[in-house]
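Structural overview for review
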Number of protein chains: 2
Amino acid sequence: MDNHVKVARVSKNLTQQQLAEKTGVTRQTISLIEKGKYNPSLKLCLEICYAVNKTLDEVFWVEKGSDSFEENKG
Amino acid sequence: MDNHVKVARVSKNLTQQQLAEKTGVTRQTISLIEKGKYNPSLKLCLEICYAVNKTLDEVFWVEKGSDSFEENKG
DNA sequence: TACGGATGTAATATATATATTGCATTATGT
DNA sequence: ACATAATGCAATATATATATTACATCCGTA
């Protein structure tokens, strides 16, 4: 579960605690998501995006594995 | 939990069953997600995106204040 | 030294996503 | 009419995301 939550959060000058409050979860949940240790719900992903003013693709998109995905995307 | 899973699936000529097999879940899970009746995990969202060759934003992004989002909150 | 803010992480409890099974309706084809 | 594929939906079981609580390290600073 790779993502860019930590970078996005720090770039908005938010602590884990502040992001947790804005998104309605606990600090521990934010910490574990940043560490890639679990798999947040779509709803929480969206709340995080709203809090850091980014989209799902910017914060949570990861390519499948190799480069076989980009070719069929458009 | 509004989304565009159904449109994306049909545009790839996949049945719910076929999408379920490609994403490693059951047909019922796909059905409930399409109906907006629950809140998939990020991992499943990504699997769905890979299966229909779209990105998270294309399939799952909803603006914070949009009507469809607010309606499904309560 | 001590103190406080930010973070990492572990144990256990609770909420909910997902599986499993089964039955229904609708549409299509013979 | 009959068969079959696709879908909707309900009941219950299981897996896991998240909460709660607690304690730890690191870092700045007084």
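Counting restarts for each chain: residues are numbered from 1 in the order of the written sequence. Here every chain gets a letter starting at A, and every ligand a number starting at 1, in the order they are written. In view of the model being predicted, local features appear only for residues whose pLDDT reaches at least 70, and side-chain atom pairs are presented and counted only at 80 or more, with totals across whole chains, interfaces and linings using the full set of residues.

A word on the environment of Cys49 of chain A
All names here are of chain A. Quick reminder of the rule: Counting from the N terminus, the helices are the DSSP runs of H or I reaching at least four residues and the strands are the DSSP runs of E reaching at least two. Exposure in this text rests on C-beta crowding, where 20 or more other C-beta atoms within 10 Å of a residue's own make it buried, 12 or fewer make it exposed, and counts in between make it partly exposed. The C-beta atoms are placed from the backbone. Once C-beta atoms have been placed from the backbone, residue pairs whose C-beta atoms lie within 7 Å are recorded as contacts.
Structurally, Cys49 can be placed in helix 4 (residues 42-52). The buried category is assigned to Cys49, around which 23 C-beta atoms lie within 10 Å. Sequence separation between Cys49 and Thr23 is 26 residues; the distance between their C-alpha atoms is 9.3 Å. Residues within four places of Cys49 in sequence aside, it is in contact with Lys54, Thr55, Leu56 and Val59.

Description of the confidence of the model for chain A
Residues and elements named next belong to chain A. As a reminder of what qualifies: Each residue carries a pLDDT value, the predictor's own confidence for that position, ranging from 0 to 100.
Here chain A averages 86 in pLDDT, and 86% of its residues register 70 or above. With pLDDT under 50 throughout, residues 66-74 is counted as low confidence; its partners more than four residues away or in other chains account for five contacts. Our summary of model confidence lists the complex with pTM equal to 0.88 and ipTM equal to 0.87.

Structural notes on the packing of helix 2 (residues 16-23) of chain B against helix 3 (residues 27-34) of chain B
Residues and elements named next belong to chain B. Just so we agree on the cut-off: To obtain each axis, a line is fitted to C-alpha atoms, and for helices this fit is confined to the stretch in contact; angles are then taken between N-to-C directions over 0 to 180 degrees. Any angle between 65 and 115 degrees counts as roughly perpendicular, while under 35 counts as roughly parallel, over 145 as roughly antiparallel, and the rest as oblique. Ten residue types, Ala, Val, Leu, Ile, Met, Phe, Trp, Tyr, Cys and Pro, are classed as nonpolar, four, Asp, Glu, Lys and Arg, as charged, and the remainder, Gly among them, as polar.
Orientation of helix 2 relative to helix 3, taken along the N-to-C sense of each, is 110 degrees, at an axis distance of 8 Å. By the angle between their axes, helix 2 is roughly perpendicular relative to helix 3. Here Gln16, Gln17, Leu19 and Ala20 of helix 2 lie close against helix 3, whose contacting residues are Arg27, Thr29, Ile30 and Ser31. Looking at the contact of helix 2 with helix 3 residue by residue, the class counts come to three nonpolar, four polar and one charged.

Quick notes on the relation of the copies chain A and chain B
Our working rule: The copies were overlaid with a least-squares fit restricted to C-alpha atoms from residues scoring a pLDDT of at least 70 in each copy.
Superposing chain A onto chain B takes a rotation of 180 degrees plus a shift of 0.0 Å along the axis, which leaves an RMSD of 0.0 Å. Put plainly, the chains are arranged around a two-fold axis. Across chain A, the smallest distance between a C-alpha and the rotation axis is recorded for Ser41 of chain A, namely 2.1 Å.

Comments concerning the interface of chain A and chain B
Each partner contributes to the interface: chain A provides 18 residues, whereas chain B provides 16 residues. Among the elements of the structure, helix 4 and helix 5 (56-60) of chain A are those that each provide at least two residues to the side of chain A that touches chain B. Ranked by the residues each element gives to the side of chain A that touches chain B, the list is headed by helix 4 of chain A, at four residues.

With respect to the protein's contact with DNA strand D
Rules: In this text, near has one meaning. A residue is near a molecule or strand if its C-beta atom, placed using the backbone, is within 6 Å of it.
Surveying the vicinity of DNA strand D reveals 17 residues, the closest of which are Val25, Thr29 and Ser41 of chain A together with Thr15 and Gln16 of chain B. If you tally residues by element for the surface near DNA strand D, the top one is helix 3 of chain B, at three residues. Partitioning the surface near DNA strand D into residue classes produces four nonpolar, eleven polar and two charged.

Some words on the protein's contact with DNA strand C
Taken together, 17 residues are adjacent to DNA strand C, and Thr15 and Gln16 of chain A together with Val25, Thr26 and Thr29 of chain B come closest. Secondary-structure elements contributing two or more residues to the surface near DNA strand C are helix 2 (16-23) and helix 3 (27-34) of chain A together with helix 3 of chain B. Sort the elements by how many residues they give to the surface near DNA strand C and helix 3 of chain A lands first, with three residues. Looking at the surface near DNA strand C, its residues break down into four nonpolar, eleven polar and two charged.

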